[in-house]
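# Examining the three-dimensional arrangement
One-letter residues, chain by chain:
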Amino acid sequence: MNKIPIILDGDPGHDDAIAWVFAKADPALDIRAVVAVSGNQTLDKTTLNARRVCALLGIDAPIASGAHKPMNGDPVTAGNWHGESGLDGPALPEPDQPLSPLPGVDLMAKVLAESSQPVTIVATGPLTDVAELLLAHPEVKEKIGQISIMGGGLTHGNWCPGAEFNILVDPEAAYLVFHSGIPLLMSGLDVTEKALIKPSDFPRILAVGNQTARIVVGWLEFFYRFPMELGYSGAPVHDPCAVLALTHPEIFQSRELYVDIELQGEYTRGATVADFRGRLGKAPNAACMMEIDRERYIDLLVEALQFYHGREVAI
Ligand code: BDR
Ligand code: CA
C-alpha cells in the first residue's frame, strides 16, 4: 500500500495528542517528522509533551522544536484549556529519543527534500512553522502535497467572538498559508465543535482495555472540564479532524470556499472570512469541513485505539 507521508506540526495539547493517536494508528499514513510549535503552552512545554506523546504511541520519526513565538507579536497560551503543562492529566512516559538538533522548519524542509512523493503537513497549532517553512525554504514548496489544518471558524471564533485560537495566535502566518496556493483542508470550529466526545462515550473508549485508551480517557476527563463550565455537552476534540479529513473524508460534509484571513479589525483580527456567496470572484483555496458524523468519529477512535493492543510503556 502506498502510504501518505505526513509531517505532524502541533502544540500538544490534549486534542493534538489525540490527533496523533489517530495518525500513528492509521495504516494509510507514514509519519516522517513531528514538530512542536508554541501555542497551547510555551515551546519548551509543547516540545516535551510532543516527545512524551511520541514515546507513548511509538512514533519513532524525528522530533524537533519549531517556533517559540508567532511571526508578529508575543506568544499566547491556553492554560485554561490544557493546564499548566499544556497536557495536564494522566502521567506520561519520559521521552525515548533525543530531540532533533535541527530547528523545526529545517527538519520539515529536509523531509520534504528527501521525499520522492508529495508530503502532507497536518498542522494542529498556530501556523507559524508552516509559514516560516514557506519563507525560509521556498525550494521545497512544490513537495508539499497539501496542508490539513485545524484552525479558524467560518461563522464564529472561540478565543474571541471573531477568531479561533490557532489563527488568532498568528494571523500573519495563517495569511501566508492561505495565500500559498497549496491545497488546503480546513477543519475549523464549524466542524470541530461538532466533533464532541461526551462523558457517555468514555466507558466505550475505556473498554478498549489498553494503556493508550486509559490515557486518552484521562486526557478527555481533564480536557472536558473547561468546556463543561462553558456549557458544552462534551469536549470539542478539534485536532483529530485534521487527520481524519485526510484519511476518512467520508465522515465529513465539506465545501470548497475562498477563505481569507483578517489581519486588522478591532474585533476580527485572526478571523477566517469565507466568501460563501462568491462576491470576491476568487477561486476557492480551501476545502472546508462543515459537518461530521459524530458516531463514526467515536467508532474510528475506538478502532484506532485497538492498534495499541500489546503496547505498554513504563511510566
Ligand atoms: C485549537 O486550539 C487549541 O487549544 C487546540 O489544541 C486546537 O488546536 C482549538 O481552537
Ligand atoms: Ca492544537
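Let us look at the structure shown here.

## Things to note about the overall build of the chain
Helix and strand content of the chain: 13 helices and 12 strands. Relative to the globule expectation of 20 Å for 315 residues, the C-alpha radius of gyration of the chain, 18 Å, shows essentially globular dimensions. Its C-alpha atoms give the chain principal-axis dimensions of roughly 50 × 45 × 40 Å. Counting the 315 residues in the chain, one finds 59% classified as buried. In the structure as shown, the chain presents an accessible area of about 12,300 Å², 52% of it carried by carbon and sulfur atoms.

## Points about the site of ligand 1
In the vicinity of ligand 1, the contacting residues are Asp 15, Asp 16, Asn 40, His 82, Thr 124, Met 150, Asn 158, Glu 164, Phe 165, Asn 166, His 238 and Asp 239. Asn 40 is positioned such that a nitrogen or oxygen atom in its side chain is 2.6 Å from an oxygen atom of ligand 1. Side-chain polar atom of Glu 164 to an oxygen atom of ligand 1: 2.4 Å apart, as the coordinates give it. Protein coverage of the free-state accessible area of ligand 1, which is 280 Å², stands at 97%. Its atoms largely coinciding with the cavity grid, ligand 1 occupies the largest cavity.

## Some points on the packing of aromatic side chains
To describe a pair of aromatic rings, you give the distance between the ring centres and the angle between the ring planes. Throughout the structure, instances matching the rule amount to 6 aromatic pairs. Both rings, one in Phe 307 and one in Tyr 308, keep their centres 4.9 Å apart while their planes meet at 85°; by these two values the pair is edge-to-face. Residue Phe 307 is classed as partly exposed on the basis of its relative accessible area of 42%. Exposure remark for Tyr 308: the relative accessible area of 0% places this residue in the buried category. What links up through ring pairs into an aromatic cluster is the set Trp 81, Phe 223, Phe 226 and Tyr 232.

## Some thoughts on the coordination of the calcium ion (ligand 2)
Taken together, Asp 11 (OD), Asp 16 (OD), Asp 16 (OD), Thr 124 (O) and Asp 239 (OD) make up the protein donors of the calcium ion (ligand 2), found 2.2 to 2.6 Å from the metal. Along the chain, the residues donating to the calcium ion (ligand 2) fall in the pattern D-x4-D-x107-T-x114-D. Taken together, the positions of Asp 11 in the loop between β1 (4–10) and α1 (14–25) and Thr 124 in the loop between β4 (119–123) and α5 (128–136) put the pair 113 residues apart, joining distant regions of the chain. Here Asp 11 and Thr 124 have matching classes, each one buried.

## Considering the environment of Phe 178
Along the chain, Phe 178 falls in helix α7 (residues 171–178). Phe 178 has contacts with Leu 127, Ile 149, Ile 167, Leu 184, Met 186, Val 259, Ile 261, Asn 285 and Ala 286, leaving out every residue within four places of it along the chain.

So, how was this worked out
- Each chain has its residues counted from 1, running along the sequence as written.
- Each chain is given a letter, starting from A, and each ligand a number, starting from 1, according to the order in which they appear as written.
- Local features in this predicted model are restricted to residues of pLDDT 70 or higher, and side-chain atom pairs are both shown and tallied only at a pLDDT of 80 or more, whereas totals for entire chains, interfaces and linings draw on every residue.
- Heavy atoms throughout the structure, all of them, feed into the side-chain values; hydrogens and water do not.
- What counts as a helix is a DSSP run of H or I of at least four residues, what counts as a strand is a run of E of at least two, and both are numbered from the N terminus.
- Using C-alpha atoms as the atom set, the radius of gyration is obtained and then compared with a globule rule of 2.2 Å times the number of residues to the power 0.38.
- Relative accessibility decides the category of a residue: with a 1.4 Å probe and only protein chains considered, values under 20% of the type maximum give buried, values over 50% give exposed, and everything between is partly exposed.
- Here the Shrake-Rupley method, with its probe set to 1.4 Å, supplies the accessible areas, and only the displayed protein chains count as covering residues.
- A cutoff of 4 Å decides nearness: a residue is near a molecule or strand if any of its heavy atoms lies inside that distance of it.
- N or O atoms closer than or at 3.5 Å make up a polar contact, with two conditions inside protein: a donor-capable atom paired with an acceptor-capable one, and, for residues adjacent in sequence, both atoms drawn from side chains.
- A 1.4 Å probe that fits but cannot get out identifies a cavity on a 1 Å grid over protein atoms alone, an open set with protein on both sides within 12 Å along at least five of seven lines counts as a pocket, and a residue lines either if it has an atom within 4 Å of a point.
- Any molecule with more than half of its atoms within 2 Å of a cavity's or pocket's grid points is regarded as sitting in that cavity or pocket.
- Note on ring pairs: Phe, Tyr and Trp rings are taken, using the six-membered ring of Trp, and paired if centres are within 6.5 Å. Classes follow the plane angle, with under 30 degrees stacked, over 60 edge-to-face and the rest tilted.
- Think of the donor list as every N, O and S atom within 2.8 Å of the metal, or within 3.2 Å for Na, K and Ca; water never makes the list, so a site can look incomplete.
- Residue contacts are defined here by distance: any two heavy atoms, one from each residue, within 4.5 Å place the two residues in contact.

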